[in-house]
Every structure is written in structure tokens, then in C-alpha cells.
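Analysis of the macromolecular model
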Amino acid sequence: MLSSREKISMRQAVILFLLLVFSQSIRLLPTYVARIGERAGWLTPIVSILPFIFLVYIIQEIFKNNKEANLSDIIIKTLGKTSGTILLFLYLIWMMVSLGILVRYFAEKFLTSVLPNTPMSFFILTILAVIFYAMQGGIVYISRTAEILFLLFTVSFTFLFLCTVPNFKVINLFPITHYDFLPILKSSYSNISIWGAFTYIFFFGDRINDKEHAKRFGLQGAVYLVITTLMLLIQTIGVYSYSLVQRTSAPYISVVKSISLLRTIERIESISVTLWAIADFVPISVTIYVIVSIIKSLFSLSEVKSLVSPITIFAFIFSQYIAHNSFELENFSNYISLPLGIIFGFIFPLIILIVGKIRKKI
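Let us look at the structure shown here. (Residues numbered from 1 in each chain as written. Predicted model: local features only at pLDDT ≥ 70, side-chain atom pairs only at ≥ 80, totals over all residues. Heavy atoms only, no water.)

1. Notes on the overall build of the protein
Helix and strand counts for the protein stand at 14 helices and zero strands. Scanning the protein from its N terminus toward the C terminus, one meets helices and strands in the order α-α-α-α-α-α-α-α-α-α-α-α-α-α. Against the compact-globule benchmark of 21 Å for 362 residues, the protein has a radius of gyration of 20 Å, which places it among compact chains. Its C-alpha atoms give the protein principal-axis dimensions of about 60 × 50 × 35 Å. (Helix = DSSP H or I, 4+ residues; strand = E, 2+ residues; numbered from the N terminus. Rg over C-alpha atoms; globule rule 2.2 N^0.38 Å.)

2. A word on the packing of aromatic side chains
If you walk through the whole model with that rule in mind, you get 22 aromatic pairs. When the centroid spacing of 5.0 Å and the interplanar angle of 65° are considered together, the rings of Tyr91 and Phe344 count as edge-to-face. Of this pair, Tyr91 sits in helix H4 (residues 81–113) while Phe344 sits in helix H14 (residues 326–358), placing them 253 residues apart in sequence. Since its relative accessible area comes to 0%, Tyr91 is described here as buried. (Phe/Tyr/Trp six-rings, centres within 6.5 Å; stacked < 30°, edge-to-face > 60°. Buried < 20%, exposed > 50% of the residue type's maximum accessible area, 1.4 Å probe, protein only.)

3. Structural notes on H14
Owing to its 3.6 residues per turn, the α-helix brings residues three or four apart onto one side. Taking 1.5 Å of rise per residue, 33 residues should cover 48 Å, and H14 covers 45 Å from first to last C-alpha, within 8% of that figure. By the largest-angle criterion, Ser337 marks the main kink of H14, which is about 40°, and a proline, Pro339, follows within four residues. Structurally, the start of H14 carries an N-cap: the backbone nitrogen of Phe327 is 3.1 Å from a side-chain oxygen of Asn325. Within two residues after H14, Lys360 carries a phi angle of roughly 55°, on the positive side. (Expected span 1.5 Å × (residues − 1). Bend = angle between axes of the 7 residues up to and from the residue. Polar contact = N/O pair within 3.5 Å; in protein donor to acceptor, adjacent residues only side chain to side chain.)

4. As for a nonpolar patch on the surface
A surface patch of nonpolar side chains, about 280 Å² in accessible area, is lined by Ile86, Leu90 and Ile93. Residue placement: Leu90 occurs in helix H4. You can call Leu90 partly exposed: its relative accessible area is 38%. (Patch = residues over 30% accessible without salt bridge, like charges linked within 9 Å, V, L, I, M, F, W, Y side chains within 5 Å. Areas by Shrake-Rupley, 256 points an atom, 1.4 Å probe, with all protein chains shown as cover. Salt bridge = Lys/Arg side-chain N within 4 Å of Asp/Glu carboxyl O.)

5. Some thoughts on the pattern of salt bridges
Taken as a whole and assessed by the stated rule, the structure comprises five salt bridges. Glu147 serves as the salt-bridge partner of Arg11, at 2.6 Å between the closest nitrogen and oxygen. In this pair, Arg11 is assigned in helix H1 (residues 10–36) and Glu147 in helix H6 (residues 138–164), connecting sequence segments 136 residues apart. For Glu147, a relative accessible area of 24% gives the class partly exposed. Note that Glu61 and Lys357 form a salt bridge whose closest N and O atoms lie 2.7 Å from each other. Here Glu61, found in helix H2 (residues 44–62), pairs with Lys357, found in helix H14; they are 296 residues apart in sequence, far enough to count as distant. Of the residues examined, Lys357 reaches a relative accessible area of 39% and is grouped as partly exposed.

6. With respect to the packing of H1 against H6
Following both chains from N to C, one finds H1 and H6 inclined at 55°, their axes separated by 9 Å at the closest point. When the axes of H1 and H6 are compared, the pair comes out oblique. Seen along the crossing, H1 lies across H6 with a hand that is left-handed. Residue-level contacts link Arg11, Gln12, Ile15, Leu16, Leu18, Leu19 and Phe22 of H1 to Ile139, Ile142, Ser143, Arg144, Ala146, Glu147, Leu149, Phe150, Phe153 and Phe157 of H6. Residues of the contact of H1 with H6, tallied by class, amount to 12 nonpolar, two polar and three charged. (Axes fitted to C-alpha atoms, helices over the stretch in contact; angles between N-to-C directions. Parallel < 35°, antiparallel > 145°, perpendicular 65-115°, else oblique. Left-handed = near helix turned anticlockwise from the far one by under 90°. Contact = heavy atoms within 4.5 Å. Nonpolar A, V, L, I, M, F, W, Y, C, P; charged D, E, K, R; others polar.)

7. A look at the environment of Thr236
By the element assignment, Thr236 lies in helix H8 (residues 214–240). The buried category is assigned to Thr236, whose relative accessible area is 0%. Each C-alpha atom, one on Thr236 and one on Phe159, is 15 Å from the other, the two residues being 77 residues apart in sequence. Of the polar contacts made by the side chain of Thr236, one reaches the backbone oxygen of Leu232; its length is 3.0 Å.

This is the structure in C-alpha cells:
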């Protein structure tokens with residue numbers, strides 16, 4: 001159960017993080033970087049990785065002498081009871097909003113690409129029912145499932161990338177000049193925001209066994225992020241060009257729809273949509289677990305299994321009212337979620353480290 005003494009490894013925690021950002025990257029990055037970085041937008045992961053590596057070192061330093069703690073414990077210890085509690089409440093609100101966004105995007109994905117005439121509540125209820133059942137097994141069960149999904153996604157994502165190689169047009173990716181540096185820098189904003197989710201998994205850091213290896217596995221995750229994100233952006237911008245991608249709500253699905261192997265295998269997008277939907281299982285599950293962990297620390301609870309039910313009900317209701325349509329949802333992500341992702345994922349951990357060092361709490 002959620003109060004089990006079982007723990008996961010740092011390697012499993014990084015896999016949870018990679019799957020946490022995978023679905024969001026496919027959904028948001030191509031359109032955003034094509035709009036800001038234009039033809040050179042596909043190079044943004046190379047620039048974005050530097051802040052992420054910096055974040056990995058911040059997390060490593062925060063937990064260097066607090067290997068058995070979680071991030072909530074560190075926040076209270078570093079900032080004090082009052083300030084720490086306020087910051088935890090801010091994180092709690094942000095994670096609740098993020099949960100609603102993730103659930104709503106799951107439903108929108110099917111409404112726009114597979115079953116447009118199906119009630120939205122059906123998709124929301126389906127994924128939340130599956131996740132509610134999975135949450136009864138705790139983070140260990142979710143992590144073991146994530147390991148299988150991670151392998152499945154890596155193979156399928158690479159396969160779909162190779163299938164689109166014949167459709168690449170070099171003119172869509174080159175030439176790149178020094179004038180493109182500033183647009184690349186600006187477009188890296190989206191990558192940095194999404195990758196800031198690395199911070200969130202440490203809210204259940206007391207369930208992670210070997211946090212002393214955070215740097216090692218975090219840097220391995222960084223390499224994976226750069227490679228897969230480059231593949232994603234090359235695949236979309238390389239096939240459709242930045243001018244078309246920036247006007248498309250789901251460019252990755254559109255690219256996959258164009259795949260036809262030897263005139264015999266078509267409609268491969270059904271496979272990609274299914275796999276992408278399964279990938280949402282991990283982000284939503286992890287977000288719920290983070291919320292549970294924060295509430296547990298805030299109110300010093302020992303038994304938190306009962307919290308899963310009200311959080312799931314909240315997600316069901318809130319996800320249906322956070323936006324009227326996919327366009328409002330996309331605007332919310334671009335103008336609110338992305339800047340807040342940087343604040344909660346990067347700026348606050350840096351402040352915690354600095355204050356902790358000054359007060360000699362870390």
C-alpha cells in the first residue's frame with residue numbers, strides 16, 4: 001500500500017521522470033519550438049540540457065547529507081516551519097493543477113485523433129479508474145510497470161522515427177546560421193520547463209533507496225532526453241517544416257499518420273496513439289503520488305491510502321472545467337504552465353539549496 005516500507009531505486013525514479021516528461025514533450029515541444037526557433041528549433045535540446053544538468057547537481061547537493069529524507073522534509077528543515085509550509089502549499093496547488101491538465105490532455109488526445117464523438121468524461125473516468133486501482137500497489141508497483149513501458153516506448157518511438165526518415169526534407173532543417181542562436185535560446189524555454197519535473201519525484205524521496213546516485217542516473221537521463229527530443233523535433237520539423245508544424249495542434253500524430261510501409265502497413269498512428277495514451281498512465285500516477293506525499297508531510301499523516309480517492313475525484317471534476325476546449329488548454333500550457341514549471345522545477349530548488357547552505361541545514 002501507499003504506506004509500505006518498500007522503496008524504489010534511483011534508476012527507477014529516473015525512469016518515472018523520463019516517462020513523466022515524454023508525453024508532455026510530444027504534445028507541446030514541436031509546436032512551441034517551431035513557433036519560436038523556426039527552422040533551427042530542432043537544436044533546442046542541446047541548449048536546454050545545460051540547465052537540466054545544473055538541476056541534477058542541485059538535487060544531488062540537497063540530498064547529499066539527507067539521504068533518507070524527501071523534498072518536503074528538506075523544505076521544512078531549510079526554510080523553517082512557517083515559510084516551508086507556505087512553499088509546500090504552493091507546490092501542492094501547482095501539482096493539483098498539473099494533475100487536472102494531464103488528465104484533460106489525455107481525454108483531448110482521443111477526442112481529436114481517434115474518437116471525436118465520445119463524451120470526454122468517458123476517457124477521464126477510464127484512465128482514473130485504472131490509475132486508482134494501480135495506486136493501491138504504491139510506488140513500487142507503478143515503478144515496475146514504468147520499467148516495462150519505458151522499454152516499450154523506446155523501441156516503438158525509435159521504430160516510428162526510422163519509418164519517417166524517407167519523408168525528411170533537408171531544406172526543412174538547414175541551413176543554420178549564427179543568427180539562429182537567439183531563437184534557439186528562446187525556444188529552449190519549453191524544454192527547460194518540462195524537464196524541471198525532475199524535482200517533483202523527490203517529494204517521495206524517502207521511498208528512493210540510493211539518492212547518492214542521483215547525479216549518475218540523472219546525467220544518464222540527460223543523455224536520453226537530448227537524443228529522444230532531438231529525434232522528436234527532427235521527425236516533425238524535418239517532415240512538415242516549421243511553418244506548418246507551428247500551426248498544427250498535434251504535429252507528431254500528423255507525421256505518424258503519413259507513414260506507409262511498402263504500401264502494406266498503414267494507419268500506424270493508431271499504434272502511436274495507443275502507446276502515447278498508455279504513457280499518460282505514469283505521469284498521472286506519479287503526480288497523484290507526489291500530491292499524496294506532500295499532503296502526508298504537511299499534515300504529519302501516517303496513513304494516506306484514503307487520500308487517493310478524493311484526489312482522484314478532484315482530478316475527474318477539475319480536468320473537465322480547467323478549459324473549454326483544446327485551444328484554451330494549449331494557451332494555458334504555454335502562458336501559465338511553462339513559466340510556473342521553471343519556477344517550481346528550477347528556481348525554488350536553487351533557493352532551497354542556497355538558503356540551506358547559508359543556514360547550514362544542508
